[in-house]
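# Observations on chain architecture
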Amino acid sequence: MIVIVIICALFAPAIAPNDPYEINPAMKYHAADSEFPLGTDQLGRCELSRLIYGARYSLGVSVPMIIVLAVLGLFIGTLSVCGGEKLDRIITFICDVFISFPSLIISIAVISILGNGLQNIGIAAVVSMWAWFARTVRSYAVTEMGKEYILAARISGCGTLKLIFKHLIPNILPQFIVYFSTGIASAILMVSSFAFLGLGLPSGTPEWGAMLNDARTCLYTHPEMLIYPGVCILITTGGFNLFGEALRDILSVDGGI
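A short tour of the structure in this document, coming up. (Residues numbered from 1 in each chain as written. Predicted model: local features only at pLDDT ≥ 70, side-chain atom pairs only at ≥ 80, totals over all residues. Heavy atoms only, no water.)

### Considering the overall build of the protein
The helix and strand inventory of the protein stands at ten helices and zero strands. Tracing the protein from N to C terminus, the helices and strands come up as α-α-α-α-α-α-α-α-α-α. In terms of overall dimensions, the protein has C-alpha extents of about 75 × 40 × 30 Å along its principal axes. For the protein, with 257 residues in total, the buried portion stands at 45%. Contacts spanning at least 24 positions in sequence make up 70% of the contacts within the protein whose residues lie at least 6 apart. When the accessible surface of the protein is split by element, carbon and sulfur atoms take 68% of a total near 12,800 Å². Distance from the positive charge centre (14 side chains) to the negative charge centre (17 side chains) of the protein: 14 Å. (Helix = DSSP H or I, 4+ residues; strand = E, 2+ residues; numbered from the N terminus. Buried < 20%, exposed > 50% of the residue type's maximum accessible area, 1.4 Å probe, protein only. Contact = heavy atoms within 4.5 Å. Areas by Shrake-Rupley, 256 points an atom, 1.4 Å probe, with all protein chains shown as cover. Lys, Arg positive; Asp, Glu negative; His and termini not counted. Charge placed at Lys NZ, Arg CZ, Asp CG, Glu CD.)

Take a look at the structure:
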């Protein structure tokens, strides 16, 4: 499932049968045929082409955003545990403040300040989700800190940064990769939610959430316009969630978790 979406994102210009931006009012809600395999939308644009290009926006925004969140989460979460009790309390308190607000509310506030744009969507998501990643990493790090190899490293004179990057992060990374893979699914849903609400992306962008929003006007006359992007979101998020669960099972069998 993941491979199919990645192939569509990478080779969209070669796979898409038509230009996803081309408007042809005369072809409004045209039935599926050889030229338009899934028909056209309310502006006569090829539905299949827009779905294929939608993979680019979903993965193109979500994956870099999750990578940034992973880096921040790993560093802040491990620093919280290794930096002393006072620093741990400060970081934990800040994380609790951010977690107490719904991520979507924080994201909407940030986008309202920064304005629309793909970059601002990524910034808004990072601001709203970093605390969840940091707290998760902290829970992994707390477990590792009680093990003998950490004590041996401290006795040998290992500094805080060396302890974090050489010992702690490599040992919590297998568990974190599972959380990372499921986090991609959450990021895709968040990006689609922004687009569905009309936030962040320019009008007419072939993104699955925006396509769902556009299709609301034809809910009863052309319900397939809602089904197509919904299935794409389901396949993509389901693929990453299933991959994360399978990875969790593999690491559990190998003794990694």
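### Thoughts on empty space enclosed by the protein
Summed over the entire model, instances satisfying the criterion amount to one cavity of 30 Å³ or more. Quantified by volume, the largest cavity comes out at close to 60 Å³. Among the elements of the structure, α3 (47–82) and α9 (208–215) are those that each provide at least two residues to the lining of the largest cavity. A class-by-class count of the residues in the lining of the largest cavity yields three nonpolar, one polar and five charged. (1 Å grid on protein atoms, 1.4 Å probe; cavity = no way out; pocket = protein on both sides within 12 Å on 5 of 7 lines; lining within 4 Å. Points joined across faces, edges and corners; volume = space filled by probe spheres on them. Nonpolar A, V, L, I, M, F, W, Y, C, P; charged D, E, K, R; others polar.)

### Comments concerning helix α1 (residues 2–10)
Here α1 has its buried residues at Ile2, Val5 and Ala9. One face of α1 carries all of its buried residues, which in axial projection span an arc of 70°. Facing away from the buried side of α1, by more than 90 degrees, are the exposed residues Val3, Ile4 and Leu10. (Arc of directions from axis to C-beta.)

### Observations regarding the nonpolar core
Core analysis: the largest hydrophobic core is formed by 63 residues, its most contacted members being Met65, Leu69, Ile121, Trp130, Phe176, Trp208 and Phe240. If one sorts the elements of this core by residue count, helix α8 (residues 160–196) sits on top with 14 residues. Ignoring any residue separated from it by four or fewer positions in sequence, one finds phenylalanine 240 in contact with Ile2, Leu59, Ser181, Thr182, Ile184, Ala185 and Ile188. (Core = buried A, V, L, I, M, F, W, Y, C linked by side-chain atoms within 4.5 Å.)

### Notes on a nonpolar patch on the surface
On the surface, Val3, Ile6, Ile7, Leu10, Phe11 and Ile15 cluster together into a nonpolar patch covering about 540 Å² of accessible area. Top contributing element to the nonpolar patch by residue count: α1, with four residues. Overall, isoleucine 6 belongs to the partly exposed group, its relative accessible area being 35%. (Patch = residues over 30% accessible without salt bridge, like charges linked within 9 Å, V, L, I, M, F, W, Y side chains within 5 Å. Salt bridge = Lys/Arg side-chain N within 4 Å of Asp/Glu carboxyl O.)

### Things to note about the packing of α8 against α9
The geometry of α8 relative to α9 is characterised by a closest axis approach of 7 Å and an angle of 35° between their N-to-C directions. Viewed along their axes, α8 and α9 form a crossing whose handedness is right-handed. Contact residues: Ser192, Ala195 and Phe196 in α8; Gly209, Ala210, Leu212 and Asn213 in α9. Looking at the contact of α8 with α9, its residues break down into four nonpolar, three polar and no charged. (Axes fitted to C-alpha atoms, helices over the stretch in contact; angles between N-to-C directions. Left-handed = near helix turned anticlockwise from the far one by under 90°.)

### Quick notes on the pattern of salt bridges
Taken as a whole, this structure holds six salt bridges when the rule is applied. With a shortest N-O distance of 2.7 Å, glutamate 85 and arginine 89 are connected by a salt bridge. Of the two residues, glutamate 85 and arginine 89 both sit in helix α4 (residues 85–99), four residues apart, roughly one turn of that helix. A salt bridge links lysine 147 to glutamate 144, with the shortest nitrogen-to-oxygen separation between them at 3.0 Å. By relative accessible area, lysine 147 is classed as partly exposed at 38%. For glutamate 144, a relative accessible area of 5% puts it in the buried group.

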